[in-house]
Amino acid sequence: MDSQEVGGLLDECFRAAQQSTRPTEAQRLNYCSCRDSLCAELASLLQEAVDMKWPFVPEKWQYKQSVSATDKTNLSDLISKHLSQLLAVLKASIGAQEARTALAVVFLVDRYLYWTDESNRLLKIAKLLHRRYPDTPIAPQLVIRQARVYFNSGKLQKAEYILSSLINNSGTTGCWIYHSKSDRALVQAVSVQVRGMILQKLGLWLEAAELIWASLVGYYSLPQPDKKGIGTSLGILANILVSMNNEDFHAFRTNPDIDFSLLGDGNHRLLSAAQAAKMAVVYSQYTSLYVLTNVTTQGACLLSYSFSMECPASQRQSFLQQAQEAFAIGLLTKAEGDMVTSKQELHTFLKAAYSLAVTHKWLGTPLGVVAQAVQACQNGLANFYSYCHANTQEKDSLCTEIMHLVAQVKLLLRVEPFLNSDKGSFIPDSYRNVKDASVNFTLAGFSKIMKKFQKYHASLCETTNTHCRETNDKIDGVRLCITALGTTIGTLNTDCTTDACKGLKDVPKEEEPRSSATGHKERASNQNCPTTEVDDDRSDHKLESPEKNKKQNLQGCNFGISSHTDSESAVPLSPSSNISSDSEKFEVMQAGIETLATEEDWMADVLGEAQKVALAEGAVQSLSELFITSSNSLGNSFGSQSSWEKLSADLNSSTYRKQQPSSISKAGTCQNSKSPDSDGSFFILETLDSETSDSPSGHMSKNQNVRALSSPQPFKSINVYQNMVTEVDSVQPATDNTFAIPNNPSQAIPEQCPVTETSTTSSFEMLEVNQCEHQQNTVQNVPQKKNSMCYSCQDQNAVADAVPVKQFLLSQQDYQAFLAGVCHGCLLKRLYSDKIKFKLKNLRSAHSALHLKFSKATGLWTATETCVYIGEPMGMEGAQRTTIWVQFLHQEERLSHYVGKDYKNPKEIQFHLKDVERQMTAQYYVTEFNKSLYEKDVLAQIFFIPSQALLILNGDEIVGCVTVEPYMLGEFVKLTNNTRKKDERFQATEYGLAFGHFTYLFSGGQEVVVDLQGWVTANGKGLTYLTDPQIHSIKTPKGPSNFADRGLRYFVEEQHGPECNGICQLLRLPPLAMNSKASPQTLLSVTKTKTMH
C-alpha cells in the first residue's frame, strides 16, 4: 500500500470512531468476516494483543539467544504485507463497537505506522476510542508512543509527565493488566530510555547517559534479555558519548554503579562510543533500519576519533578506513528501488552518504568525485525537507528521488557488497566477532537503580493531573491515559490599572501569537483562565508545509487577525499559525515584565531601519511587526536585547574594560559587486578603511563592499542594508530623519512598558567600532592561558605557520583544529573580524557546513562536517534576529525540528559564537543548580535548551553563520528581565531568582544569569525550559548586553533584593551582598550537591 492509500483508510477509521450510533447486524457480520479473513499468524498475534500478553509487540528474534532461520524476519514485514486487512478489521471493529479488538489492532500496527510517519492519525483514533470506552485497556506501547510523538514535536513537558508516571508507578497505566513483574520492568526500561533521549536533546550528556545505562540494566535483567532494547540503548549511548565532554565521560566511566567493562577498556570516549555502536549493530542485525542507524553512529565515532588529539598519526588512515566501511554497510541495507517510508530512515541514509563522502575526502579520493557526491547529498537533503512538509500524495515520489540520489553516491564512491554468510542479517561476517557481553544484571539491581530516580519522577507526577476526564476509574491509584495530560500553563488575569497599561486600550483587540525569544510561536490563550491542553490533535499539524504556513501568514497580515476562534476546534497549520483570544489582557501581561533596552531612549529599539524600509517598499508586515509598533511588549519579549544583542567579542580577557568615547561611527558610501561564480545565496559585507568621527550625525557607512558567493544568479537589492551600521539599539541624537522616531502616536511606546536596556549612553555603533579595534589587538597581543585539550593551544607552531590567504577560507590545518576541538579564545582568534559581516540571503537551499558545539565545562568548541538545509522563515522576528526552519544531518534528534537564528542586519561571526557561548554557560550553571534542588528535595528542575552554531560553507570558505536550537512548543512566559523587573505571578520566578543567587555565588561574585524566559508549568513546579538568557559578568568585557558591575548590582540589590526567598533559604545559600563571594568549592560544601537524575 502506498502512503495515500494508508492515509485514506486511517481517515475512514477516524470517521467511524467519531460515530456513536448503535451497530447494525450488518456491521457485526462484517466485523466477524474481516477478523476471520486474517491469516493464522496475524489472528494469533491479534488474540495475544487482546489478552494483554505483552506490553510491547515483540519481534521473533528479540528474546532468543539462538535465532533460527524462521526468526530472522520482522514484524514490519508481516504488517506491511497485510496492512489493508488489518485496517479493514480496525474499521469493522469500530463500527461493531468491539473496542478491545479495535485497540488491539491499533497496538499491532502502531510501530509500523510510526516508522511510516502515520502515528498522529493512529493516535487520534486511539484517543477517540479511549474516550468512548474508558474501561478498555490501552497498551503501554501506545502510551509511550504518545510520549515519543510529543518529544518529536517539541512538547517536552508532556512527554516527561507520561514517562515519569510510568517510571514512578512501575508501568501502571489505565486498565492494563501485567502478567509478570518483568513486563513492568520492561515498561520502566523503555520509559527511562526515552527520557534519556529527552535529556540528550537538552544537551545534558552525563545525566542522559546515566538514564540510558539504567535502561540497559533493565533490558539485560529480563528473564530473556531484550536484544532490541539493548541495541537501541547502546546506539543512543554511543551518540551521547560523541557529544559528551571528557570531564563528564570520566565521571560516567568511574561511577561505581556503572560496569563500564561492557564497552571494553574505555580508554577513550570516542572509541567507547564506537564499541557501543558496533555492539548495537550486532544486537539489531536483523532489522535494516536499526543496522543503518547504529552503523552510521559507529562510523561517525571513528571519523571523529581520527581527528582527535589522542589518535596516533600512524593509525589515522586505519580509523578513516573503518569509518568508510561502517558508512558503506549502512548504505547497503537497502538497494535502489526498495521502498523507504520512514523519515528517520531517509534522514539516516543521507547522513551516511554525506559522511561517506567526507571520509573519502580525507582518504584522498579525487575532489571532483567527492564534490559530486556532496552535491547529490545536498539535493537529497533539499528533497528531504520537502518530504517532511509534503502531503501524502507527494511523499512517495520524493522518497524515490532521495533514494536515487543516495544510489548515485554509492556509485560515485564505489560502495561494494560485503561478505555476509547469514541471509537474514544486514551485517558483514567481520562484525560477528563481537562477543556477547558477560554481565550480571538482575531485576533486583534494576529496581534498586530505579529507586534512585524515584524522587525526581514522583515530583513530576505531583505537578500534573493525569486522569482521564471521562472516567473516575483508578487502577492501583494511578489514572494515566493518553487522552488527558494536565500540562496546564497558568497565566493569571493580568488586568492593570497603570497609566502605561491604560495606554494599550487604544490598540486594536486582535490577538498576536505569543513568541519566545527563540522565535517559536505558540497559540495565545485567554488570560482569564489557564489553558489545559487536553487533546493535542489540533496541534499535531503545527509543523506542516511552510508554503501553507506562508500563505496563512500573508492572509493574516493582509486582513488582520480574525475574531476569536474556538481553541478546541481550530487546527493551526504550522508553528506560525495562531488562535485568537483576548488581546488586551495578553498585551498587558506581556508588557508587565520586559527586558530593558535603553535608559535614555526607550523607543530606539522599535523602529529599526530594516522595518522602516520594508514598510516603505510596501512589504506586508508580519503580525509581530504590527504588534511591536503598537506596544513593543511582545517584540522585546521575543527579541530581548539582553540576549539578541550586538555583543562585543568575548576574547577571554578580563583586562580590557576601557570606557568608550561618547561617539564613534563609520561613514561612507555603499557599493555592491558580485564575483563571477556568485548566486547571491550569501553575501559578505566588508567595511574597509573605517574611520572614526566625533560627529553625532556621521552614522553612514563608508567604503562598504558587498560581495556575493556561489554560482550565478541575479543579485538582489541590498538597499535595505546601506545604512545598517547605525544599529536600532543605539542611544544617539536623532539627527538623521532615517532614524528619527516618527510622530505617529500609534507607534509610540507606553513609557512604563520598558524595552531592552543597554549599558552605554553612547551609540552602540561607537561601542562596536571601538571594541572591534581594541579587542582585535587584545586577541593578538595579550597572552592567553593555554587549554590542555585545545588543538591550537597545543600546536602553536603549526597554527602560526598557517596564515590564511583569505580570512574565512579554511585550510586543512583549520579543519584539523576545529574537528579536534579548540578553545573559545583560539576560535575567536581565528574567526574574529571587525570588517566582514554575514547575513543569510537566499533561503530554501542546502549547503555544506561545520556544526559547532560548545562545552562550558572544558571551554572547547568541537566541529563536525555536516550538510544543512536553510528552510522557510518562521514568520517571527526579534529586535535583532529573525528565525528560520533548519534541518541538518547531524542534529541531535532526527525526527525533531530545529530553529535557526540569524541577525536581521549583517553581523560579524563573533556575535553568533557569543550567543551560543552565553546560552551554554547558563546551561552549565543551571545544571549545578539542579543538583542542589535535587539534593534538597525541591520539586522543580530548570533547563536551558542547548544552542549550537552552523558555519555555512561554499567549498572551503565560510559564507554564513546561523545558530540553531531545538524547536519547543508551549506557552512562553518571561520571568525576569536584565535589570530590576520580575514577574512574581509565576512561582517559577522564585526558582529563577534563586538560580541567579546561586550563579552569583558559584561564580565567586563575578557573574549572574538574568533575563529568564521560556516555558513553565502553572504551579512553578516540575519542568521549566529557558532560552536566550543574559549574563552580567566582570569576567568578560563590558558591552551593550553585559552591564558588568552595574548589572550585578541591579540583581543583588533590586531584582533579588536583600531578603532571600524560600528556595534560597531551602538551599541554604549564603545571603547576597555586593562583593560577597563564595568559591564553587565553598558553595558545593554548603549545598551538598550531587548528580541530578
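About the cut-offs
- Residues numbered from 1 in each chain as written.
- Predicted model: local features only at pLDDT ≥ 70, side-chain atom pairs only at ≥ 80, totals over all residues.
- Heavy atoms only, no water.
- Helix = DSSP H or I, 4+ residues; strand = E, 2+ residues; numbered from the N terminus.
- Buried < 20%, exposed > 50% of the residue type's maximum accessible area, 1.4 Å probe, protein only.
- Contact = heavy atoms within 4.5 Å.
- 1 Å grid on protein atoms, 1.4 Å probe; cavity = no way out; pocket = protein on both sides within 12 Å on 5 of 7 lines; lining within 4 Å.
- Points joined across faces, edges and corners; volume = space filled by probe spheres on them.
- Pairing = 2+ DSSP bridges.
- Salt bridge = Lys/Arg side-chain N within 4 Å of Asp/Glu carboxyl O.
- Expected span 1.5 Å × (residues − 1).
- Axes fitted to C-alpha atoms, helices over the stretch in contact; angles between N-to-C directions.
- Parallel < 35°, antiparallel > 145°, perpendicular 65-115°, else oblique.
- Left-handed = near helix turned anticlockwise from the far one by under 90°.

## Some thoughts on the environment of Ser947
1) Next: Within the secondary structure layout, Ser947 lies in the loop between strand 12 (940-944) and strand 13 (948-954).
2) Next: According to the relative accessible area criterion, Ser947 is buried, its value standing at 5%.
3) Next: Not counting residues within four places of it along the chain, the set of residues in contact with Ser947 comprises Val916, Gln919, Met920, Thr963, Val964 and Glu965.

## Quick notes on empty space enclosed by the protein
1) Next: Overall, the coordinates contain 13 cavities of 30 Å³ or more when judged by the stated rule.
2) Next: One number sums up the size of the largest cavity: a volume of about 710 Å³.
3) Next: Residue lining of the largest cavity: 37 residues in total, with Trp115, Arg148, Gln193, Met197 and Thr232 positioned closest to the centre.
4) Next: Broken down by secondary-structure element, the contributors of at least two residues to the lining of the largest cavity are helix 6 (99-115), helix 8 (140-153), helix 10 (181-201), helix 12 (227-243) and helix 15 (288-307).

## Details of the pairing of strand 10 (residues 881-888)
1) Next: With eight of eight residues buried, strand 10 lies mostly within the body of the structure.
2) Next: Of the two faces of strand 10, the one lined by Arg881, Thr883, Trp885 and Gln887 and the one lined by Thr882, Ile884, Val886 and Phe888 are each fully buried.
3) Next: Relative to strand 10, strand 9 (residues 860-877) runs antiparallel, the two sharing five bridges. Looking at strand 10, one finds that Glu877 is bridged to Thr882.
4) Next: Connecting strand 9 to the next strand, strand 10, in antiparallel fashion are three residues.

## Notes on the pattern of salt bridges
When the charged atoms of two side chains lie near each other, side chains of opposite charge can form a pair.
1) Next: Scanning the entire structure with this criterion turns up 29 salt bridges.
2) Next: Note that Asp429 and Arg432 form a salt bridge whose closest N and O atoms lie 3.0 Å from each other.
3) Next: Several salt bridges converge on common partners, so that one network encompasses Arg881, Lys901, Asp915, Arg918, Glu965 and Asp1028.

## Here's the deal with helix 9 (residues 156-168)
1) Next: Helix length check: helix 9, at 13 residues, gives a terminal C-alpha distance of 18 Å against a target of 18 Å (1.5 Å per residue), a fit within 8%.
2) Next: Across the 13 residues that make up helix 9, a large majority, 12, are buried.
3) Next: Inspection of helix 9 places Leu156, Gln157, Lys158, Ala159, Glu160, Tyr161, Ile162, Leu163, Ser164, Ser165, Leu166 and Ile167 among the buried residues, and these make up the whole buried set.
4) Next: Residue Ser170 follows helix 9 closely and has a positive phi angle near 55°.

## Quick notes on the packing of helix 12 against helix 14 (residues 269-283)
1) Next: Close contact between helix 12 and helix 14 brings their axes to 8 Å; oriented N to C, the two are set at 160°. When the axis of helix 12 is compared with that of helix 14, the two are roughly antiparallel. In terms of crossing hand, the pair formed by helix 12 and helix 14 is left-handed. Counted together, Lys227, Ile230, Gly231, Leu234, Gly235, Ala238, Leu241, Val242 and Ser243 of helix 12 and Arg269, Leu270, Ser272, Ala273, Ala276, Ala277, Met279, Ala280 and Tyr283 of helix 14 form the full contact between these two elements.

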